[in-house]
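Structural features, examined
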Amino acid sequence: MSTIALDAAALESLVSAAVAAPSIHNSQPWRFGLRPETSTLEVRAAGERAVPATDPTGRALHISVGAAVLNLRVAARHLGWAPEVRLLPDPADPDLLAAVRLDTSARVQVPGAEALYTAIWRRHSIRTPFSGDPVPPAVLDELVVAAREEDAHLELPGHEETARLLGLTAEAERRGTGDAGRRAESRNWVHSGELPPYGIPARAIGPKDREGHLPMRDFTALRPLEHRTAATFEREPRIAVLVTDRDARADWLRAGLALEHVLLSATVRGVRASLFHQAMEWPYLRWAAREPHRGPGHVQMLIRLGYGPEGTPTPRLAVRDVLEPGA
C-alpha cells in the first residue's frame, strides 16, 4: 500500500473541492488549516462570513460547513486516502467544526466515489423552472440511501404534505421580506457588476413563479430596481425533506454532509436541485414543518428536485483566501 503525499498540490485539490459546496447565501463560512504532524486538515467556522440576522443560532452555518466536509471526504477518496472524519473534535475549541485525518491509504475503491467527485464540479443550485418530468422512484431511492449513509433521513412527502410545506415556506418568505434586518442582510449578499468571490450574482437569482405556486427566495427583498421577472414553474414539484433525529451542533453538521451527498448523487443522475430554507429560519415554522405521523425528528432543509438546465455557477473564494497561515 503506497503512501500518498499531503503536499501543496494535494492540499489545493482538497480545499478546491471543499469550497465548491453550497452554503447559505453563498457565504462560504469556512476556513481550513493543515496540521502536518498528524496529517489532519481542520475545518473551522469563519464567523466573519456568517449571516446573523437570518441564522442567529449558526445552524445554517454548520450545515454549510458539513457540506464542505462531505466534498473534502469525497476528494480525499479520489486522491487515494481513506479519510477519517471527526465532527466537533475539541469541545474547548467551538470554532473547530471538523477534522479530517489523511494518514491512511485506501485499500479498496468506495463504489461510486469517482462519480461523486466528478459531480462536485457540476453541481449548482437551480433557481429556474424545472420541466415537470417526474424523478423516477429508483433515483429517489438512491437519494434516500445517500442521506441514510450520513445518519440522516430523506422523506418524500405526498401531494397534500408538499402543499403544506410550500405554504409554510411562503409564510416564511413573507416574514423575511417584511423584516428590515433580514431584508437588508439578504440584499447585501446580492452582487452585480464586478463580483466578489462570494454571495449571489444578480444573474443567478432566477425568476419568481408567475402563479405564486413555488415560493422562490427573493434575495433582492422587493428592491424595485432589481425586481425579478416572472416565469411558469412546474405544477407538481417534487419536494424532499431532510431530517435528523436530534438537533445539536453535530446533527447540523451531519445534515450538511447528508445534504451534499444527496445533491451530488442527484447530479450524477442528471437531477437538478434547489433549496428551500426559508421556513427553517423561523423557529415556529420550522417546528411546524415536522410530519407528526412519522414520529420525532428535526427538519433541516427542503430540497426541490427535478430536471432542467445545469444552472448558473456562483463565485468561490480562492484556496489562498480560506487557508490559515502556515497551512
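One can find the structure itself at the top, above this paragraph.
The paragraphs below set out a description of the structure included in this document. Since we're looking at a predicted model, the values are computed, not measured.

1. Brief notes about the overall build of the protein
Summing up its helical and strand segments, the protein has 9 helices and 12 strands in all. Against the 2.2 N^0.38 benchmark of 20 Å for 327 residues, the protein shows a C-alpha radius of gyration of 19 Å, consistent with a compact globule. Dimensions of the protein along its principal axes, counting C-alpha atoms only, are 60 × 40 × 35 Å. Here the protein holds 327 residues, and the buried ones make up 54% of them.

2. Digging into the sheet that holds strand β10 (residues 238–244)
The sheet built from 4 strands is open, its strands ordered β5-β10-β12-β11 with antiparallel pairing. What marks the edges here is a single partner per strand, and that holds for β5 (153–155) and β11 (272–276). Each adjacent strand pair in this sheet contributes to an overall mean axis angle of 30°, direction not counted. When β10 meets strand β12 (residues 298–306), the two strands line up antiparallel, connected through 7 bridges. Note on β12: the bridge partner recorded for A240 is I303.

3. Quick word on the packing of aromatic side chains
In this structure the tally under the stated criterion is 2 aromatic pairs. Measuring from centroid to centroid gives 5.8 Å for Y117 and W121, while their planes differ by 80°, and the two rings are edge-to-face. Its relative accessible area of 41% is what places W121 among the partly exposed residues. Considering the side-chain rings of W189 and Y198, the 5.9 Å spacing of their centres and the 70° angle between planes classify their relative orientation as edge-to-face. Residue classification places W189 among the buried positions, given a relative accessible area of 10%. Cation over ring: R175 sits above W282, and NZ or CZ is 5.7 Å from the ring centre. A cation sits over an aromatic face here: R182 above W282, 3.8 Å from the ring centre.

4. Quick look at the packing of helix α2 (residues 59–79) against helix α7 (residues 249–268)
Taken N-terminus to C-terminus, the directions of α2 and α7 make an angle of 50°; their axes are 6 Å apart at the nearest point. Judged on the interaxial angle alone, α7 and α2 are oblique. For the element pair α2 and α7, the recorded crossing hand is right-handed. Between α2 and α7, the residues in contact are R59, H62, I63, V65, G66, A67, V69, L70, N71 and R73 and R249, W252, L253, A255, G256, L257, L259, E260, H261 and L264, respectively.

5. Some remarks on the packing of helix α3 (residues 113–120) against α7
One way to put it is that α3 packs onto α7 with a least axis distance of 9 Å and a crossing angle of 95°. Comparing their axes, α7 and α3 come out roughly perpendicular. Contacts between α3 and α7 involve A115, L116, A119 and I120 on the former and, on the latter, H261, L264, S265, T267 and V268. In the contact of α3 with α7, the residues fall into 6 nonpolar, 3 polar and no charged.

6. Some thoughts on helix α6 (residues 180–188)
All buried positions along α6 are accounted for by R182, E185 and S186. Seen along its axis, α6 keeps its buried residues to an arc of 100°; they face one direction. You can read the cap of α6 off the contacts: a side-chain oxygen lies 3.1 Å from the backbone nitrogen of G181, and it is on D179.

7. Some points on the pattern of salt bridges
Under the defined criterion, the tally for this structure stands at 20 salt bridges. A network of salt bridges, in which partner residues are shared, links R31, R35, E42, R44, D93 and E324.

8. Describing the sheet that holds strand β2 (residues 40–45)
Within the open sheet, the 4 strands sit side by side as β1-β2-β4-β3. Their pairing is antiparallel. Each having just a single partner strand, β1 (30–35) and β3 (84–87) make up the two edges of the open sheet. Ignoring which end each strand starts from, the neighbouring axes of this sheet average 20° apart. Here β2 pairs with strand β4 (residues 96–101) via 5 bridges, running antiparallel. What sits directly across from E42, in β4, is A99. Here α2 sits on the sheet in contact with β1, β2, β3 and β4, set at roughly 5° to β4.

9. Quick word on unusual backbone geometry
In the Ramachandran plot, H25 falls in the positive-phi region, its phi being about 55° despite a non-glycine side chain. Looking at the element boundaries, H25 is found in the loop between α1 (8–19) and β1. For H25, a relative accessible area of 4% gives the class buried. Its identity is not glycine, yet L88 carries a phi of approximately 45°, on the positive side. Relative to the helices and strands, L88 resides in the loop between β3 and β4. According to the relative accessible area criterion, L88 is partly exposed, its value standing at 25%.

Calculation notes
Residues numbered from 1 in each chain as written. Predicted model: local features only at pLDDT ≥ 70, side-chain atom pairs only at ≥ 80, totals over all residues. Heavy atoms only, no water. Helix = DSSP H or I, 4+ residues; strand = E, 2+ residues; numbered from the N terminus. Rg over C-alpha atoms; globule rule 2.2 N^0.38 Å. Buried < 20%, exposed > 50% of the residue type's maximum accessible area, 1.4 Å probe, protein only. Pairing = 2+ DSSP bridges. Axes fitted to C-alpha atoms, helices over the stretch in contact; angles between N-to-C directions. Phe/Tyr/Trp six-rings, centres within 6.5 Å; stacked < 30°, edge-to-face > 60°. Lys NZ or Arg CZ within 6 Å of the ring centre and 35° of its normal. Parallel < 35°, antiparallel > 145°, perpendicular 65-115°, else oblique. Left-handed = near helix turned anticlockwise from the far one by under 90°. Contact = heavy atoms within 4.5 Å. Nonpolar A, V, L, I, M, F, W, Y, C, P; charged D, E, K, R; others polar. Arc of directions from axis to C-beta. Polar contact = N/O pair within 3.5 Å; in protein donor to acceptor, adjacent residues only side chain to side chain. Salt bridge = Lys/Arg side-chain N within 4 Å of Asp/Glu carboxyl O.

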